[in-house]
Amino acid sequence: MRTVKGCGIAGLLGLAILVASASTVNAGEPTLGDPRAMTFPPVEFSPPEPERVVLENGLVVYLLEDHELPLVSVTATMRTGSWLDPTDKIGLASMTGAVMRTGGGGKWSAEQVDEELERFAGDLSIGIGRQAGSASLDVLSKDLDRGLDIFAGLIRQPAFESARLELAKLQAIEGIRRRQDNPGSIVGREFAKMLYGPAHPSARESSIESIKRLTRDDLVAFHGTTIHPNGMILGVTGDFKKADMLASLRKVFGDWQKGVVPALKISDVLERERARPVVSYVDKDTSQTHLRVGHLSIKESDPDYVALAIANDILGGSSFRSRLFNDVRTKRGLAYSVGSRLSVGMHDQGVWLMRAETKLVSTQEVIGRFVANIERMRSELVTDQELAEAKEAYVNSFVFSFASSSAIVGRLVELEYDGLPKNFLQQLRDKVMKLKKEDVLAAAKKHLRPDRLKIMAVGSGEALPKALSTFGEVNEIKLGPEG
Amino acid sequence: MKTQPSLVPGEVHLPWGRLSRLVAHISHASEVRFTNCALHASRFTICSVVMALSLVFHVNASSGASPSFADRVIEHRLANGLTVLMVERHQIPVVSINITFAVGGINEQVGQTGIAHLYEHMAFKGTRIVGTTDYEKEKPILDELAIVGTELDQREREVAAKEGGALADDRTAVESLQKRFLALQAQAAQYVVGNEMALMYQRHGGVGLNASTGKDLTRYMISLPSNRLPLWAAIESDRMANPVLREFYKERGVVMEERRLRNDDSPNGLLFETFTSAAFRAHGYGIPTIGWGSDILSLTPAATEAFFKTYYGPNRATIALVGDINPQETIALIERTFGRIPAAPPAPSLVTVEPEQRGERRVEVEFDAEPAIVIGYHKPTLGHPDDDVCDVIDAVLSDGLTSRLHQKLVREKRLAVSVGSDASHPGVRAPNLFIITATPLAPHTTAEVESAIYEEVERLKQEPVSAQELEKVLNNLDADLVRGLRSNSGLASQLALYQALAGDWRYILTSRDKVAKVTAADVQRVAAQYFTRSNRTVAVLVKKSLSKSVTAMSGNEVQP
């Protein structure tokens, strides 16, 4: 599965003033009051507005000053990703990101980068995920220029020193060798492959062979063809003066020439595959069955997104408040970690899933509860109370999306990266507030499909396939030593 | 400091996150949480996982941090002994609150391990007001359920002990108790309003609701829009005074699943459990915080309630609030809510002292997973000057890419894929362990990694650490201190943590100054004194051999 970007609807809802159900305040109550009867006025808060500047070479910069602490944080989001990996070199993007960080760059050798950063306690990271690359720099404000010089050097002119590449390859191979150690890791990866297919950019995995094949030239080429100033968005927050910061950024990034930025495009899974229910398991010596149950879902731009997100919230997305938590954990005591998740983005089909870990003998019961709870979502309206609670939780926790300058800027960067309008947040918020029980039911009927469920289980013993057989024909997945 | 397994192809899954300096109880191997928040995080819900900040905030004039920071901490002590720490921060209308009780696994008795953690789960079940539709009717049923459940547990243990020898009468008795038990459980369930406390917090915009139990402390956290503080005070003062242990047996089942998830099915969870229990043979630090499975299954409502009464008085609690608050109003609110709770009598003091280790201990854990190793040395804890020296050694050995173990084992010799250390495993209220962890890079073995680690340990004894290394340690500590101030929840956590552990939140500042005074000679002396063969415990994760079945299948023999 791809990484889920850390921004919720709640996070996307713009710079609104918060409204809650509200009236009187009980603050003056002199005793241990009944918390159930308490009401409060809405939280009013207008978060600061970051500034957006575009440099001549197309580099976009969001800036927000925050002088409370003597720290500066810079993030870079880059239009690259492992979706661009050639099929015989899966792992190239990830390796490029890793060695951009460790292999030296600009006027700095790899060793100098490490020494210098750790001398002044600067944090610097670079990584390339499935749909984007990201880098970050976090320094005390007095060290900003030293930090920026290294940061820009590694992003623009990574040296990819051979010894560091060799080390990164060995580490990647060891990571592959250890993929089958944890049942939780196995079930997540196998489930993604089950949904998208093992060769799809949203699920495919590197192999020892594909890593061994990578050369320094491959990394240089991947970096050169995919990372450009006009494909990068910077988010800058902290203790600086805007004009000085822009001058510093121009100094290190200003003379970087534009290039051709790859347009992010990931193909959809064929409808025939998408609709097909599958039940599979991996035999591993464990005390629990590790379960993922779900199917592919919509994109964030889908008109049903908000209704489905609220349906999922009520079903299993909201932890304590959700039906699955109450049913499987609280009432039945069958799992510690149980819930559902709707992970959607703009660029590939989203995933909707339910998850739990439960002792072998409860496997069938837990899956049975999953199915029963979906059926209930599809056949009955949610209660007025459930919908009200979901809306209130969402509106009242909204302020936490602005809990830091970096959260505010980060959100705008993500929206721009995904090609979403700045007022997208506002649009979603309005939809949530207007949502009716009937909308939730319609979304659940259309998008939560028991007839399409894909079930992945990791567990032990002959009893597991028997427990699963109630839900369809069971396939065993045999893992190779490297998955 | 927990790292979720990453799914990025080619990325190395490090079995241990960066172990935090000093903050021992946050070490992942010994801490258990009420709910694994990250697992529920979605794009839709906000789920702020309270981070274990690596120690620290400090206000060091030379680093340029606001020099008045220490002055911004407001302290208040209630007549019942409750300690309140506050920091005003008005940029955003939110507040983060951390309630920390000086109780944890260290306070448990033999046969009742896991009770501190089970109580922490039960603390989410409500009170006489919250979580019930009618407590008066519910109470007698809960009382009877506890009696029947306790008897049932006992009878079942007896039958199990007799194995095949159990009489038909015994089994009949168990069956009838089971019937009665289930009927009572169903009756009690009629009055339950499930997860009502959590629901109220969520409705009012609360995020990051969670709790954690460690060897030393048990902590409860929440962040709220700041005008909801009266709601928080009503809920939490009620929970501190009048918890009701409803849904007890179901929650015991949840905790068993948590144990399976964290320890039984996790190679590193099991490795740490085995390692720590080998290192401590007498002291409670050797017991996994989550408890031994058989103990969890025999915990009773009566024992759990008694544990609460003994250890959860306001006099053992610290509340830290950071955010958009008015200290005067906050104190008044806390006085008229928590102030009504009577102080608890002093809890029994800790008795057992770990005897001196007289010889190396080695243990193995077999698992269907690639190898790993943990090495630990007994050492004194917080308050002893050598503890600060160990913090410096910890940073020199494993903090960052230029640290000694990383440079030698990972980069130069390429024996390990990752290394780590921690100066305070698994807690700090009692003498603890300095641990070093490593994950070998195949085909290198744990034995090769182990001897390379000992070379570095010997080097600490033979050569003085350089001035640059010491300077780097301090620079990073100072920067971490400033970074630790960034989030309300992180700061609240730090303040409550040190107040509860060291008796004074200012320990954050004084420990920095003690670290600054550590010399190269101190490092050599401490390394020579504690890092000895006879004082160490070594645990190795060994790949469970599949060779048995492979051998059986070889020679074209086909098993039926």
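The rules behind the values
- Residues numbered from 1 in each chain as written.
- Chains lettered and ligands numbered in written order.
- Predicted model: local features only at pLDDT ≥ 70, side-chain atom pairs only at ≥ 80, totals over all residues.
- Helix = DSSP H or I, 4+ residues; strand = E, 2+ residues; numbered from the N terminus.
- Buried ≥ 20, exposed ≤ 12 C-beta atoms within 10 Å, placed from the backbone.
- Contact = placed C-beta atoms within 7 Å.
- Pairing = 2+ DSSP bridges.
- Axes fitted to C-alpha atoms, helices over the stretch in contact; angles between N-to-C directions.
- pLDDT = per-residue confidence, 0-100.
- Domains from an automatic or database assignment.
- Left-handed = near helix turned anticlockwise from the far one by under 90°.
- Nonpolar A, V, L, I, M, F, W, Y, C, P; charged D, E, K, R; others polar.

Caption draft 1: Quick look at the overall build of chain B. Of regular secondary structure, chain B possesses 19 helices and twelve strands. Considering chain B as a whole, with its 560 residues, one finds that 57% of them fall into the buried category. Restricting to contacts in chain B with at least 6 residues of sequence separation, those with at least 24 account for 82%.

Caption draft 2: Spatial organisation of the sheet that holds strand S3 (residues 71–78) of chain A. Residues and elements named next belong to chain A. The six strands lie next to each other as S1-S2-S6-S3-S5-S4, forming an open sheet whose pairing is mixed. The open sheet terminates on both sides in strands that have one partner only, identified here as strand S1 (51–54) and strand S4 (123–128). Averaged over all neighbouring strand pairs, the angle between strand axes comes to 15°, with direction disregarded. Of the pairings in the sheet, the one linking S3 to strand S6 (residues 232–238) comprises seven bridges and is antiparallel in character. By the bridge assignment, Thr-77 is partnered in S6 with Ile-233. Strand contacts of helix H15 (residues 405–417): strand S2 (60–65), S3 and S6, with the helix running at about 170° to S6, the strand carrying the most contacts.

Caption draft 3: Structural view of the confidence of the model for chain B. Residues and elements named next belong to chain B. Averaged over every residue, the pLDDT of chain B is 87; the share at 70 or more is 85%. Counted against residues more than four places away or in other chains, residues 1–30, with its pLDDT under 50, gives 104 contacts. In the model output, the complex is listed with pTM 0.89 alongside ipTM 0.89.

Caption draft 4: Just unusual backbone geometry, in detail. Between His425(B) and the following residue, Pro426(B), the backbone shows a cis peptide bond with an omega angle of -5°. One can find Pro426(B) in the loop between strand S10 (416–425) and strand S11 (432–440). A cis geometry characterises the amide bond from Ala442(B) onward to Pro443(B), with omega recorded as 5°. For Pro443(B), the position within the fold is in the loop between S11 and helix H14 (446–462). For Ala121(A), which is not glycine, the phi torsion reads 60° and is therefore positive. Note on placement: Ala121(A) falls in the loop between helix H3 (110–119) and S4. Note on Ala121(A): 22 C-beta atoms within 10 Å, which makes it buried. Of note, the phi angle at Asn195(B) is positive, near 50°, even though the residue is not glycine.

Caption draft 5: Region of the structure containing the domain arrangement of chain B. Splitting chain B by domain gives domain 1 (133–191) and domain 2 (361–545). Taken over C-alpha atoms, the centre of domain 1 of chain B sits 48 Å from the centre of domain 2 of chain B.

Caption draft 6: Fine view of the packing of helix H13 (residues 404–412) of chain B against H14(B). Residues and elements named next belong to chain B. Close contact between H13 and H14 brings their axes to 11 Å; oriented N to C, the two are set at 145°. Helix-helix and strand crossings are classified by hand; for H13 and H14 the assignment is right-handed. The residues of H14 that touch H13, namely those facing Arg-404, Leu-405, Lys-408 and Leu-409, are Val-449, Ala-452 and Glu-456. Its residues placed into classes, the contact of H13 with H14 shows four nonpolar, no polar and three charged.

Caption draft 7: Quick peek at the environment of Gly175(A). All names here are of chain A. Relative to the helices and strands, Gly-175 resides in helix H5 (residues 162–177). Assessed through the 23 C-beta atoms surrounding it within 10 Å, Gly-175 is described here as buried. Between the C-alpha atoms of Gly-175 and Ile-208, which are 33 residues apart in sequence, the distance is 9.5 Å.

Caption draft 8: Structural view of the interface of chain A and chain B. Between chain A and chain B, the residue contacts involve 99 residues of the former and 81 residues of the latter. At seven residues, H5(A) tops the list of elements feeding residues into the side of chain A that touches chain B. For the side of chain A that touches chain B, the class distribution of residues is 39 nonpolar, 33 polar and 27 charged.

Caption draft 9: Summary view of the domain arrangement of chain A. Residue and element names in this part refer to chain A. Domain annotation of chain A identifies domain 1 (51–253) and domain 2 (271–399 + 426–476). Taking only C-alpha atoms, the centre of domain 1 and the centre of domain 2 are 33 Å apart. Facing twelve residues of domain 1, the contacting portion of domain 2 comprises 17 residues. Taken together, the residues of the side of domain 1 that touches domain 2 break down into six nonpolar, five polar and one charged.

Caption draft 10: Representation of the environment of Leu140(A). Assignment of secondary structure puts Leu140(A) in strand S5 (residues 133–140). For Leu140(A) and Phe120(A), which are 20 residues apart along the polypeptide, the C-alpha to C-alpha distance reads 8.3 Å.

Caption draft 11: The sheet that holds strand S12 (residues 474–476) of chain A, seen in detail. Spatially, six strands are ordered S9-S10-S8-S11-S7-S12 (chain A) in an open sheet, and the strand pairing comes out mixed. Edge positions in the sheet fall to strand S9 (338–343) and S12 of chain A, since each of these pairs with one other strand and no more. Within the sheet, the average angular offset between the axes of one strand and its neighbour, ignoring direction, is 20°. Bridging between strand S8 (residues 288–296) of chain A and strand S11 (residues 454–459) of chain A involves five bridges; their strand directions are antiparallel. Along S11(A), the bridge assignment pairs Arg292(A) with Met456(A). Across the sheet, helix H12 (residues 323–331) of chain A is in contact with S9 and strand S10 (351–359) of chain A; its angle to S9(A) comes to roughly 155°. Relative to S10(A), helix H7 (residues 248–264) of chain B is tilted by about 100°, and along the sheet it contacts S8 and S10 of chain A.

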